[in-house]
Amino acid sequence: MANLEIEVRAEGSGFGAEIGAVDLAAEVPEEAFQAIRAAMIRHKVLVFRDQHLDDDSHLAFAQRFGPLEGHINRATRHDALPKIQIFGNVDQSGNPTGVHPERGTLVWHSDKSYVATPSMFTVLRSPSVARQGGNTLFADMERAYADLDEDRAQALGNLRVVHDWKRSREKSNERPATAEEIAAAPPVEHPLVRTHPETGAKALYLGNHASHIAGMDRAEGEALIAELERHGTQAKYIYCHRWRDNDVLMWDNRCTVHCVTTYDAAKERRIVHRAVVQGDRPF
Ligand code: OGA
Ligand code: MN
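What counts and what doesn't
- Residues numbered from 1 in each chain as written.
- Chains lettered and ligands numbered in written order.
- Predicted model: local features only at pLDDT ≥ 70, side-chain atom pairs only at ≥ 80, totals over all residues.
- Heavy atoms only, no water.
- Near = heavy atom within 4 Å.
- Polar contact = N/O pair within 3.5 Å; in protein donor to acceptor, adjacent residues only side chain to side chain.
- Nonpolar A, V, L, I, M, F, W, Y, C, P; charged D, E, K, R; others polar.
- Donors = N, O, S within 2.8 Å, 3.2 Å for Na, K, Ca; no water.
- Helix = DSSP H or I, 4+ residues; strand = E, 2+ residues; numbered from the N terminus.
- Buried < 20%, exposed > 50% of the residue type's maximum accessible area, 1.4 Å probe, protein only.
- Pairing = 2+ DSSP bridges.
- Axes fitted to C-alpha atoms, helices over the stretch in contact; angles between N-to-C directions.
- Contact = heavy atoms within 4.5 Å.
- Core = buried A, V, L, I, M, F, W, Y, C linked by side-chain atoms within 4.5 Å.

## Here we look at the site of ligand 1
If you check the shell around ligand 1, you find Phe87, Thr105, His109, Asp111, Leu124, Thr136, Trp251, His258, Val260, Arg270, Val272 and Arg274 and nothing else. One of the side-chain nitrogen or oxygen atoms of His109 is found 3.1 Å away from an oxygen atom of ligand 1. A distance of 3.0 Å separates an oxygen atom of ligand 1 from a polar side-chain atom of His258. For the shell around ligand 1, the residue count by class is five nonpolar, four polar and three charged.

In structure tokens form, the structure reads like this:
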């Protein structure tokens, strides 16, 4: 009989949890699925070990959480399955290229914060895992917000941040945005303090796509963003995922930021396949 119970293992702060006793390649029973969803909201980052997904079962699992979105960067789309994106440092013969495929992932960010309705959950698996480095780090932006003093939190609550794909590429030293991308992703504004639509908790909503503060002197706004990012990504707010073969990792972009740690892109092969669940307009 299909297992309706999942196992949730979380440590200390409860930020990040490992989920056991579930086979994501099989159809997960509704009750177990709802328990996974509840764990997702509670722990913000979930890890599933020893999973054997292919792109089809990866998509099937991810889309139970809601409609999936494509990516603005067409180069990373899977040829036949446009809702799967592939980031890898491997050429057609399977050799490391020496180049990490998307430098924007090496700096703290929240997925797609440069669009009006940014990503909700990202579901990632890694068919090829780096042996050294290439960890995925997460920072809990709800705890970072909760630790601000009250007056400051209140003042920040009035600010809006401009997020911009073009600027984000410049900041992370990636190839410049194309004219087509700029037309598809013009700058958008989001609140600096975001309310989680399911829990009501407030979080700092920042990351590399954040360009400046609306209505504030540009340099001053950039400095404020950088300062809050330093605050929010202190070690005490971080969960580090060290990849093993056959892991599936998923996270809630509405209350976290993440990045990849460096690895030797000329020697290691690191490939991730991702499917991303569409979110709502931040408020
Ligand atoms: C992503 C991302 C992190 C990783 O897929 O959105 O940032 O570890 N990837 O590759
Ligand atoms: Mn990302």
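## Side note on the coordination of the manganese ion (ligand 2)
In the first shell of the manganese ion (ligand 2), the protein supplies His109 (NE2), Asp111 (OD) and His258 (NE2), at 2.1 Å from the metal. Along the chain, the residues donating to the manganese ion (ligand 2) fall in the pattern H-x1-D-x146-H. Taken together, the residues Asp111 in the loop between strand 5 (85–88) and strand 6 (119–128) and His258 in strand 15 (residues 256–260) connect sequence positions 147 residues apart. For the pair formed by Asp111 and His258, the shared burial category is buried.

## With respect to the environment of Phe87
By secondary structure assignment, the location of Phe87 is in strand 5. Each C-alpha atom of the pair Phe87 and Thr105 lies 9.8 Å from the other, and the pair is 18 residues apart in sequence.

## Some points on the sheet that holds strand 8 (residues 160–163)
Pairing in this open sheet of three strands is antiparallel, and the strands run 9-8-12 from one edge to the other. Looking at strand neighbours, the two that pair on one side only are strand 9 (188–191) and strand 12 (210–213), the edges of this open sheet. On average, each strand axis in the sheet is tilted by 40° relative to the strand beside it, whichever way the strands run. In this sheet, strand 12 lies alongside strand 8 in antiparallel orientation, the contact comprising three bridges. Across the sheet, residue His163 finds its bridge partner in strand 12, namely Ala210. Across the sheet, helix 7 (residues 218–232) touches strand 8 and strand 12, and the angle it forms with strand 12 is around 125°.

## So, the nonpolar core
Formed by 28 residues in total, the largest nonpolar core has its most connected members in Leu24, Ile36, Leu46, Phe48, Phe61 and Met250. Taken together, the elements giving at least two residues each to this core come down to strand 2 (17–20), helix 1 (30–43), strand 3 (45–48), helix 2 (55–62), strand 6, strand 14 (248–252) and strand 16 (271–278). Among the elements that take part in this core, helix 1 stands out by supplying six residues, more than any other. Among residues more than four places away in sequence, those in contact with Leu24 are Ile36, Phe48, Gln51, Leu53, Phe61 and Val248. By size, the runner-up hydrophobic cluster in this structure holds 25 residues, among which are Leu148, Val161, Leu224 and Val257.

## Considering the environment of Ser126
Within the secondary structure, Ser126 sits in strand 6. According to the relative accessible area criterion, Ser126 is buried, its value standing at 6%. A distance of 3.0 Å separates a polar side-chain atom of Ser126 from the backbone oxygen of Ser128. At 2.9 Å, the side chain of Ser126 forms a polar contact with the backbone oxygen of Ile271.

These figures come from the coordinates and say nothing about function on their own.
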